[in-house]
Amino acid sequence: VQLQASGGGLVQAGGSLRLSCAASGRTFSSYAMGWFRQAPGKEREFVAAISWSGGVTYYADSVKGRFTISRDNAKNTVYLQMNSLKPEDTAVYYCAAALSHSTVVARRTSEYGYWGQGTQVTVSS
């Protein structure tokens, strides 16, 4: 499976961005998807996850109420709408697909087997 993330950029604090992750080469609609981020000098951290149907979502406390994950299985695409962005949201954002189709949602990197190349999000103060 190939994952292609896009939509990153430079935005002022309080602004919004929408990230997209297009999937190919696999039955996308059968697997949970997630977004992670990694800031310079820090470990990759969980941001949000969504079940295969889109009916279950899960967020890190740091983004809850500001970010929304969604998916369009007809387009093989998962999205991350990011509102009220803060400088501490600055990172490279990665999308990922779960290893097993029995995974509903997951926050551990070990539960994801396929990763996109990352897209840079920079929030200026």
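Let me sum up the structure you'll find in this document. (Residues numbered from 1 in each chain as written. Predicted model: local features only at pLDDT ≥ 70, side-chain atom pairs only at ≥ 80, totals over all residues. Heavy atoms only, no water.)

As for its position among the elements, A98 is in strand β9 (residues 91-98). Classification of A98 by relative accessible area gives buried; the value is 0%. In this structure the C-alpha to C-alpha distance between A98 and Y31, which are 67 residues apart in sequence, comes to 5.9 Å. (Helix = DSSP H or I, 4+ residues; strand = E, 2+ residues; numbered from the N terminus. Buried < 20%, exposed > 50% of the residue type's maximum accessible area, 1.4 Å probe, protein only.)

For the coordinates displayed, the defined rule picks out five aromatic pairs. Aromatic pair F36 and Y112: ring centres 5.2 Å apart, planes at 80 degrees, arrangement edge-to-face. One end of the pair, F36, is in strand β4 (residues 33-38); the other, Y112, is in strand β10 (residues 112-115), and 76 residues separate them in sequence. The pair F36 / Y112 is uniform in exposure class, with both members buried. Joined through ring pairs, the aromatic side chains of F36, F46, Y58, Y112 and W115 make up one cluster. The positively charged end of R44 is found above the aromatic ring belonging to Y94, 3.8 Å away from the centroid. One cation-aromatic arrangement involves R44 over W115; the distance from NZ or CZ to the ring centre is 4.9 Å. (Phe/Tyr/Trp six-rings, centres within 6.5 Å; stacked < 30°, edge-to-face > 60°. Lys NZ or Arg CZ within 6 Å of the ring centre and 35° of its normal.)

What follows concerns the pairing of strand β8 (residues 77-82). Most of β8 sits inside the fold, with five of its six residues counted as buried. Pairing between strand β3 (residues 17-24) and β8: six bridges, direction antiparallel. Within the sheet, the bridge partner assigned to S20 lies in β8 and is Y79. In textbook terms, the turn of a hairpin is the stretch between consecutive antiparallel strands, and for strand β7 (residues 67-72) and β8 this stretch comprises four residues, one of which, N76, has a positive phi near 50 degrees. (Pairing = 2+ DSSP bridges.)

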